[in-house]
Amino acid sequence: MGELRPWLGLLMSRRWRLLAGGLLMAATLLSGVGLLTLSGWFITATGVTALAWAAGLAASLEVYVPGGGIRFFALTRTVSRYLERLYNHDTVLRLLSDLRVQMFRSLSQLDGLTQARYQASQWLNRLTRDIDTLDNLYLRLLAPPLVALLGTLLMALGMALFLPGPAVLLLIWLLLVLLLVTVVMALWGRRLSRTQVTRADRLRVRAIEQLQGLAELQAWQALEAHQQQLLALERGQSSDRCRLEGRGAVGQALVVAGVQGALVLVLVMTLSAYQQGLISAPVLVMLPLGVMALAEAYSALPGAFVHWGSSEAAAARLNEQGALAGRLATPGQPETPAPMAALAWRQAGFSHDTQRLFRGLNLTLAPGEKLAIVGPSGAGKSTLAALAARLVEPDQGQVCWGGVPLWALDTAAWRSQTAVLTQNAHLFNDTVAANLRVADPDASDQALWQALEKVALAQWLSGLELGLDTPVGDFGRQLSGGEGRRLALARLYLRNPALVILDEPLTGLDGATARHVVRHLDEFLSQRSALLLGHEVAALPAADRVLLLTREGALTEWAGEAG
Amino acid sequence: MKAITEPDSARGTPSGERQRSRRNRQWLRQWGRTVRPWLWLSVATGTLSGLATLAQMGLMAWLVHGVIVLDRPLSELHWPLLALVVAILLRSVGQGLQGISGARAAMAVRQGVRQALMARWSQQGPVHLAGQSPAVLAGEWVEQVEALEGYYARFQPQLWLSLILPLAVLALVFYLDWLAALFLLAAAPLIPLFMALVGMGAERLNRQHFTSVTRLAGHFLDRVRGLTTLQLFGQDRSAVKGVARASEHYRRLNMRTLRVAFLSSAVLEFFASVAIAVVAIYVGFGLLGYIQLGPAGELTLFSGLFVLLLAPEFFQPLRTLSQHYHDRAAALGAADHLLDRLQPSVSEPAPATDHRAPLPDRGPEDAVTVTDLVVRYPGRGRVFDPVSFQLPWGQSLVLTGPSGCGKSSLLHVLAGFYPAAEGRVSLFGAPPGRVPVAWMNQRPFLIQGTWADNLRLVQPRATEAAMEEALARAGLAQLLAAQPEGLDTPVGEGGQGLSGGQAHRLALARVFLAPVPLMLLDEPTAGLDPFTRNDVIEALKALPGQGITLIMASHQPELVAMADHQLWLGQNRQAPAPSLAGEAPHG
């Protein structure tokens, strides 16, 4: 329950909408109760009057007011039902939209390392499925039991006008039923429904895995084994889900027994009260019919509450998300970065999980200098770049631009002065043009073609039917590795940075293409500072200075080829 | 490419639309037939519950009539009271069983469809699936299949019940008072009409809704994966706006669906309410003797009350059905997508055969024979000029050429992922796809799990010692020794937690673990630093001598030098090419 509290708080920010929606729900229920009770009352009253007439007694019955009432309730029930459902679903969707955006914003504020630590497909789940699950909160779990409670209280109150004692008995009975189909159902289904979400998650992760590794698995003929594993997992999830639905069905049976049992109880009590002369015949019929109409408010409860655990689990995961560390601090009064200055790591240290990558690192990149850093994988070259791009903060010392620590700079301004090609620059599942315009949303088609020309993609792309609108596929899979890499590189040409950081810019490019790309890169870098990272000097554009970053995290002069 | 991702050329035209929706309905019914016993059980128990409800209403009316009109004391009425309790119990049990058997039916369908989808993925193969987002496909496999649940668990049984139970009610009311039955009958034919009108719109909207949900999921995953890239270009804020727009768009779409979907239940609500009102007023006036028409004069409190109580029950099954109508619409929407996945599209090559052949003995001298091979991609045309070569057992071949020249495509054909447009390919005397082949990509394929999980992927029964040896040969001995958890060290999605070179090596270690006669390596050293690369090349050098035939695409000088043969796939290949350049110069 505690897990849901923050989300209840968020719901409350729309409390007037929720209240209006709840009132519409109550209006629908009460219209139904009114329709049936008034009809029962009317029929019995006419029947009794007819009997009196047959016995030769003088009796009269006003028929037009009840008739009008019946028609009125028939109309209000229809209208309020339609409005209620529409209005409430709109409310929920608004809340969901708010939630999604809020979650995405909080994700985008995380530093690069924390982002990398969480797997993207699980993040997606957080963003869509968990948030979607929370729509149960109001529409299925919060409002319906409250409306049922309200209806029950009003019913008991109405009955108390005629028979106070039995009304209390009815109230107790119905409250017990309410407890049974909400709290008890929630507890009964809790374990199963809690694991439903995580198991569906696991299924999805494994399925994505199978699809991404289809080539390897199929070639190796290991696909069948993976398929069997996945199907076994699916059977487990599926049969658990079936059990959960089964419990919901049992709850449905309990609701019928409970509410119809209350009906029998009321019937017996009103019949005997009638025979004792405590109530009139029309009232005798009216009260049980009221209970009968009330059944509607109860019928959806067990099915909703048996899934309580899934809402709880979703809320728990979202809470965890909100508590993630690794946010980049925002300065109170950010400084504007100098147009061109020296970049310096001063006594910088950084550790990743338990592994210390480097400490006390001192390095200066003079304005306009081209500095290449080579070294083995895992030595921390990319981290060096991430520190300069301010994707992560150093845990010791600082990184400065023109003597000002990066954390004190306006982040957006700093980003606009840098252009970074990371080792795994992402290609979005969109067109070539859209992928390029990530770098500059206002770039003209002509600018895009120029950038593509500089990475030797223009000729290839102009030969394709769709040109700039060619889709690149998920992860850029429709492109070859080299093409994708060059497309990511082309983005940089759409910017005008003071500092360029290139992490393995020429990986996967063959000789002729690499030469073409390097020629344009050298030209691009001529007026800028550049940090060039790679495994070997040959795979980098021309540098003024070359340093070696060892696995121990130390910088030394580069002595020549490794090996 | 367009043709691969959008096989819905029939969509949009009214007749195509109708055809599709008929096809979708048929598909749902076909699956329904596979779970018929469960569906029938659900209908039977639901009918039991419905009939018990009718008995309950009759008994209640009888009790009221007995006490008010016949003046019987309550003590004489214990039998009807007991019968009332029994009727309610039957109603309750029937309801429960209806739900349980429906859930069983849905489970069976769910499992069947998932299995069929999975079979389809492997049938399509990696090349054809490359244009589709794994997240979208996996999302469909999980969520869209789950969207079928309600159709079998609730809608299908309820469809029968909404036919059986109203008829039972009508017969009963007809027996009690045929004029009242006529009122109900008058309302009844209008209902299916309205439902059909409303349902048709709801179905189309639901399909849009599902498309938007799936696209939204893909959009999210893609943006999240690219968050760092977005941050670096200062686009994270505008991406938040993009997400907001997508969410808002999703809300609007949803509301459009719901406005129509709720209309169907409103129509029924209206008829049910009006019928109660009309019957109540008719019975009331009849009892008073104001109506002299037909049976109205013979109405008693029993028959009048019974008819009133039956009036809502006449509509109840239909109301329940309309509540489940979105289940149907959801299932049809899901069916539309799932069927597209399950049916081959025009641009797709003939499915690769996946008959497993036994590991070949060292038979034919030439392990790999390629004759006049041509590969074509839809929309990209011929990838390279006809290629021919023969590669003897245990030798290695390197494919070179500028990027985009078709090195990967040739490997795809050899692996059996993609058919040859022309020419012949023989691997150990069999067509591609029959013998297990080790495959390594530019992105090493790593699953979430431990190092051991990743290795056991290709050799489920591998011992720890074998795995350690394979890791050592892949150059990971040192790293393994540094891991406190050893082989149980976790690997994140896509190799998170490992450097690029380490991830490559872990994937490479599989090659040393599983016995394969042929290994295809697509840029195996891309992104490795010179130190690691030298390690990997050393390890790869050990392979040819062990009877494993090696074909790799690379322009890494060391690998080119290492290979026994070289094949240049670039544009300026003289035709007919002396395909094998023979012994490449070592050094």
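As the structure is a prediction and not an experimental result, all values here were calculated from the model. (Residues numbered from 1 in each chain as written. Chains lettered and ligands numbered in written order. Predicted model: local features only at pLDDT ≥ 70, side-chain atom pairs only at ≥ 80, totals over all residues.)

Caption draft 1: Seen up close, the overall build of chain A. What chain A contains, in helices and strands, is 19 helices and ten strands. Relative to the globule expectation of 24 Å for 563 residues, the C-alpha radius of gyration of chain A, 35 Å, shows a markedly less compact shape. A buried classification covers 55% of the 563 residues belonging to chain A. Counting contacts in chain A only where the partners sit at least 6 residues apart, residues at least 24 apart contribute 80% of the total. (Helix = DSSP H or I, 4+ residues; strand = E, 2+ residues; numbered from the N terminus. Rg over C-alpha atoms; globule rule 2.2 N^0.38 Å. Buried ≥ 20, exposed ≤ 12 C-beta atoms within 10 Å, placed from the backbone. Contact = placed C-beta atoms within 7 Å.)

Caption draft 2: Region of the structure containing the overall build of chain B. Helices and strands together make up the secondary structure of chain B, namely 19 helices and twelve strands. Long-range contacts, defined as pairs at least 24 residues apart, comprise 81% of the intrachain contacts of chain B with a sequence gap of at least 6.

Caption draft 3: Examining unusual backbone geometry more closely. Residues and elements named next belong to chain A. In this model, Gln221 sits at a positive phi of 55 degrees, which is unusual for a non-glycine residue. Inspection of the secondary structure assignment puts Gln221 in the loop between helix H8 (214-220) and helix H9 (223-275). By the C-beta count within 10 Å, which is 20 here, Gln221 ends up buried.

Caption draft 4: Main features of the environment of Arg434 of chain B. Within the secondary structure layout, Arg434 of chain B lies in the loop between strand E6 (422-427) and strand E7 (437-440). Sequence separation between Arg434 of chain B and Val69 of chain B is 365 residues, and the spatial gap between their C-alpha atoms is 86 Å.

Caption draft 5: View of the interface of chain A and chain B. At the interface, 138 residues of chain A touch 135 residues of chain B. It is H9 of chain A that contributes the most residues to the side of chain A that touches chain B, 29 residues altogether.

Caption draft 6: Quick peek at the sheet that holds E7 of chain B. Residues and elements named next belong to chain B. Read across the sheet, five strands follow the order E7-E10-E11-E5-E12 without closing on themselves; strand pairing throughout is parallel. Both outer strands of the open sheet, E7 and strand E12 (565-568), are each paired with one neighbouring strand and no more. The average undirected angle you get between the axes of adjacent strands in this sheet is 15 degrees. (Pairing = 2+ DSSP bridges. Axes fitted to C-alpha atoms, helices over the stretch in contact; angles between N-to-C directions.)

Caption draft 7: Representation of the sheet that holds strand E7 (residues 499-503) of chain A in the model. Residue and element names in this part refer to chain A. Read from one edge to the other, the open sheet built from six strands follows the order E6-E7-E8-E3-E9-E10, with strand pairing classed as mixed. The strands lining the two open edges of the sheet, one partner per strand, are strand E6 (418-421) and strand E10 (555-557). Geometrically, the sheet is characterised by an average inter-axis angle of 20 degrees between neighbouring strands, direction not taken into account. Note that strand E9 (residues 545-549) and E10 share three bridges and pair antiparallel. Each residue of the ladder has a partner; that of Leu548, found in E10, is Thr556. Where helix H13 (residues 381-388) meets the sheet, it contacts strand E3 (370-374), E6, E7, strand E8 (529-534) and E9, and its direction lies at approximately 155 degrees from that of E8.

Caption draft 8: Geometry of the nonpolar core. Ala438 and Leu520 of chain B are the most contacted members of the largest nonpolar core, which has 348 residues in total. Per-element accounting of this core gives the leading share, 23 residues, to helix H10 (residues 236-287) of chain B. Not counting residues within four places of it along the chain, the set of residues in contact with Ala438 of chain B comprises Ala219 and Trp220 of chain A together with Val511, Ala514, Val516, Met519 and Leu520 of chain B. (Core = buried A, V, L, I, M, F, W, Y, C linked by C-beta atoms within 7 Å.)

Caption draft 9: View of the environment of Val93 of chain B. Mapped onto the fold, Val93 of chain B is located in helix H4 (residues 78-129). Counting along the chain gives 127 residues from Val93 of chain B to Phe220 of chain B, while the straight-line C-alpha distance between them is 45 Å.

Caption draft 10: Structural context of the pairing of strand E4 (residues 396-401) of chain A. Residues and elements named next belong to chain A. Across two bridges, the pairing between E4 and strand E5 (residues 404-405) is antiparallel. Counted as the bridge partner of Trp401 is Val404 from E5. The antiparallel hairpin formed by E4 and E5 contains two residues in its connecting segment, where Gly402 sits at a positive phi of about 60 degrees.

Caption draft 11: Local environment of the pairing of strand E4 (residues 387-392) of chain B. Residues and elements named next belong to chain B. Alternating positions in E4 separate cleanly, Val387, Phe389 and Leu391 being buried on one face and Ser388, Gln390 and Pro392 remaining unburied on the opposite face. The pairing of strand E1 (residues 366-374) with E4 spans five bridges and is classified as antiparallel. Bridge pairing in E4 links Val370 to Phe389.

Caption draft 12: Highlighting the packing of H10 of chain B against helix H11 (residues 301-323) of chain B. All names here are of chain B. Relative orientation of the contacting elements H10 and H11 amounts to 175 degrees, with a least axis distance of 9 Å. Overall, the two elements H10 and H11 adopt an arrangement that is roughly antiparallel. Of H11, the residues touching H10 (which contributes Ser264, Ser265, Leu268, Phe271, Ala272, Ala275, Ile276, Val279, Ala280, Val283, Gly286 and Leu287) are Gly304, Val307, Leu308, Ala311, Pro312, Phe314, Phe315, Leu318, Arg319, Ser322 and Gln323. Looking at the contact of H10 with H11, its residues break down into 16 nonpolar, six polar and one charged. (Parallel < 35°, antiparallel > 145°, perpendicular 65-115°, else oblique. Nonpolar A, V, L, I, M, F, W, Y, C, P; charged D, E, K, R; others polar.)

Caption draft 13: Highlighting helix H10 (residues 281-299) of chain A. For H10 of chain A, built from 19 residues, the straight-helix expectation of 27 Å at 1.5 Å per residue is met to within 8% by its first-to-last C-alpha distance of 29 Å. Most of H10 of chain A is tucked away, with 16 of its 19 residues classed as buried. (Expected span 1.5 Å × (residues − 1).)

Caption draft 14: Structural context of the environment of Gly158 of chain A. With respect to the helices, strands and loops of the structure, Gly158 of chain A is situated in helix H6 (residues 135-160). As a C-alpha pair, Gly158 of chain A and Val177 of chain A span 19 residues in sequence and 19 Å in three-dimensional space.

Caption draft 15: Fine view of the packing of helix H6 (residues 149-176) of chain B against helix H12 (residues 325-342) of chain B. Residue and element names in this part refer to chain B. It is the contact of H6 with H12, at a shortest axis distance of 8 Å, that shows an interaxial angle of 145 degrees. Between H6 and H12 the crossing geometry is left-handed. Contacts from Gly150, Tyr151, Arg154 and Phe155 of H6 reach H12 at Asp327, Arg328, Ala330 and Ala331. Residue composition of the contact of H6 with H12, by class: four nonpolar, one polar and three charged. (Left-handed = near helix turned anticlockwise from the far one by under 90°.)

Caption draft 16: The arrangement of the confidence of the model for chain B in detail. Residue and element names in this part refer to chain B. This prediction gives chain B a mean pLDDT of 80; 82% of its residues lie at or above 70. When pLDDT is averaged over each helix and strand of chain B, the minimum, 34, is found for helix H1 (residues 2-5) and the maximum, 96, for helix H3 (residues 36-68). Here residues 351-358 scores under 50 on pLDDT; set against residues more than four positions off or in separate chains, the count is 14 contacts. Scored below 50 in pLDDT, residues 574-587 shows 22 contacts in the model against residues more than four places distant or in partner chains. The complex model carries a pTM of 0.78, and its ipTM stands at 0.80. (pLDDT = per-residue confidence, 0-100.)

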